[in-house]
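So the chains spell out like this:
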Amino acid sequence: MAGLTASALPRFATAQEVRWSSGSEKPHFVPPPGATDCHFHTYDKSYPVMKGATLLPEDALPEDYRALQRRIGTTRGVIIQPSTYGTDNRLQIASRRALGPENFRVVAVVPEDVSDTDLQGLDEQGVRGVRFNLGFPGALTVDSLKSLAPRLANLGWHCQINMRPKQIEDNADLLASLPGGLVFDHLAQIPQPAGLESAPYKIIRGLLDRGKTWVKLSGPYVSSKQGAPDYADAGAVAAAYVKAAPERMVWGSDWPHPSEKERKPDDAHLLDLFAVWAGGEAVFKRVLVDNPAELYGFPKVVP
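Throughout, a residue's number is its position along its own chain's written sequence, starting from 1. With the structure being a predicted model, the display of local features is reserved for residues of pLDDT at least 70 and the display and counting of side-chain atom pairs for 80 or more, all residues being used for whole-chain, interface and lining totals. In computing side-chain values, all of the structure's heavy atoms are included and hydrogens and water are not.

Enquirer: When you look at the pairing of strand β6 (residues 181-184) in this model, what are you seeing that I'm missing?
Expert: Each regular strand displays side chains that alternate between the two surfaces of the sheet. Each residue is placed in one exposure class: buried if its accessible area under a 1.4 Å probe, protein chains only, is under 20% of its type's maximum, exposed if it is over 50%, and partly exposed if it falls in between. Secondary structure counts use DSSP, requiring at least four H or I residues in a row for a helix and at least two E residues in a row for a strand, with both numbered from the N terminus. Along β6, one buried face is formed by Gly181 and Val183 and the opposite face, lined by Leu182 and Phe184, is buried too. Relative to β6, strand β5 (residues 158-162) is paired through four bridges, and the arrangement is parallel. Counterpart to Cys159 in the pairing with β6 is Leu182. By the criterion used throughout, a crossover qualifies as right-handed when its path from the first strand across the helix to the second strand runs clockwise, the strands pointing away from the viewer. Taking the sense of rotation as the criterion, the β-α-β connection linking β6, helix α7 (residues 199-210) and strand β7 (residues 213-217) turns out right-handed. DSSP bridges decide pairing: two strands pair if at least two such bridges lie between them.

Here's what the structure looks like:
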C-alpha cells in the first residue's frame, strides 16, 4: 500500500449509489472480515430533537446505512449519538436492533446525573461509551468529564471526546488526569496548517504515549484546509498517529457526514485514503478489525 495515493487508484467494481455519499464505486482496498466502521449516525424525523440543536439532517435510516455497508464492505459498526437528539438515545439503540445487535455497538449521551441503574440498562443495550460532544450545545460540559469519567471507567466504558483545538489546549491537564479510556473523534480536530507542529497535536500525542487514549481516523474534512479529494494535510496527521500507536487507532466513515452540507464525501474514497495512511496490510486489518474488537467488545474474528 505504501507509496500509493488514493486518488490515483483504479476502481474495478461498481455498486449502487448510497444516500448521503458521493460516487457509486467500491473501494480499491477490500476490507477484511470483521471490518468495523466505528463512527456513524442515524437520523429520523419521527424522533424529537433537542431544543437548540444546530445539526438537523434529513433522515438517514438503518436501511440506508446497510446500502453503505454493501458498498464499502464493512460488517460491523458503532452508532454514535449525534448532538441532534441530546440525551435521548432511543433512535441509535433502535438502529442497533435493526442492524443486528451482535455486530453493532452504541456510544450514547447521558445527563451528568445519570443513575447507575440507567447506565447498567444502557450497557445491556450495547452502549460502550459516552460522547462528550463539546463543540456543540448539549447536556455535557468539560466539567462533566470530571464526575462521569470515573463512573464510566468502572463500567469498562470510555469517554468519547469531540473538542475544538482551543478546548484541547485549555484542558490538557484535565485530559491527562482522567481515569479510563479516552477516544478522540475526527483526528482530534488537529488545526491546519500547523498540523504536526500544533499544540493540540502534541497534547494528543502525549496522551497516546500514556497508553489509554485512542483516536478515530475519521472526518478528515473537519480540519483539512487542502480539502477534497485527498485531504492531504489531515492525512499527514492520520499517518503520524498510525505510526505512533497503531494499536489504538480505529476508523470511522462519519456517514451521513452531517457537517458537510454542500457535497457529501465519497465513502469508498475515504476508506481508500485510510488504507494509504495505514501503510500496510497488517495495520489496515488491525485498525479495522482487531482494535474495534478490543475497544467495543466485539468477538474476535476467527480466520
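Enquirer: What is the right way to read empty space enclosed by the protein from this model?
Expert: It is the rolling of a water-molecule-sized probe over the atoms that shows where space remains empty. Lining residues are defined by having an atom within 4 Å of a point belonging to a cavity or pocket. Those points lie on a 1 Å grid over the protein atoms alone, cavities being sets where a 1.4 Å probe fits but cannot get out and pockets being open sets with protein on both sides within 12 Å along at least five of seven lines. Grid points are joined across faces, edges and corners, and a volume is the space filled by probe spheres set on the points. What the rule picks out here adds up to three cavities of 30 Å³ or more. Looking at the lining of the largest cavity residue by residue, the class counts come to eight nonpolar, five polar and one charged. Reported here for the second largest cavity is a volume of approximately 60 Å³. Every residue along the wall of the second largest cavity is listed here: Leu175, Ala176, Leu178, Gly180, Leu182, Leu207, Arg210, Lys212 and Thr213. Ten residue types, Ala, Val, Leu, Ile, Met, Phe, Trp, Tyr, Cys and Pro, are classed as nonpolar, four, Asp, Glu, Lys and Arg, as charged, and the remainder, Gly among them, as polar.

Enquirer: Help me out: how do you make sense of the pairing of strand β2 (residues 76-80) in this one?
Expert: Across the five residues that make up β2, a large majority, five, are buried. Residues Arg76, Val78 and Ile80 of β2 are buried on one face, and the alternating residues Gly77 and Ile79, pointing to the opposite face, are buried as well. As judged from the three bridges shared by strand β1 (residues 36-40) and β2, these two strands associate in the parallel manner. Paired with Thr36 across the strands is Arg76, a residue of β2. In this structure, β2 lies alongside strand β3 (residues 104-108), joined through four bridges in parallel fashion. When the bridges of β3 are listed, Ile80 appears paired with Val107. Regarding the hand of the β-α-β motif, the stretch spanning β2, helix α2 (residues 90-99) and β3 is right-handed.

Enquirer: What's the story with α7 in this structure? I'm lost.
Expert: At 3.6 residues per turn, the α-helix brings residues three or four places apart onto the same side. Counted at 1.5 Å a residue, the expected span for α7 with its 12 residues is 16 Å, and the 17 Å between its end C-alpha atoms agrees. Turning to α7, its buried residues number three or more, namely Pro200, Tyr201, Ile203, Ile204, Leu207 and Leu208. Along the axis of α7, the buried residues cluster in a sector spanning 160 degrees; they form a single face. Those residues of α7 that are exposed and aimed more than 90 degrees away from the buried face are Asp209 and Arg210. Of the surrounding secondary structure, the elements contacted by the buried residues of α7 are α5 (165-170), α6 (172-177), β6, β7, α8 (232-244) and β8 (249-251). Polar contacts, as used here, are pairs of N or O atoms within 3.5 Å; protein pairs need one atom able to donate a hydrogen and one able to accept it. Residues neighboring in sequence count only if both atoms are side-chain atoms. At the N-terminal end of α7, a side-chain oxygen is found 3.3 Å from the backbone nitrogen of Tyr201, two or three residues along, and the residue is Ser198. At the C-terminal side of α7, Gly211 shows a positive phi close to 95 degrees. A helix is expected to reach a length of 1.5 Å times the quantity of its residues less one. Here, the arc refers to the directions that run from the helix axis to the C-beta atoms. Throughout, a residue-residue contact means that at least one pair of heavy atoms, one from each residue, lies within 4.5 Å.

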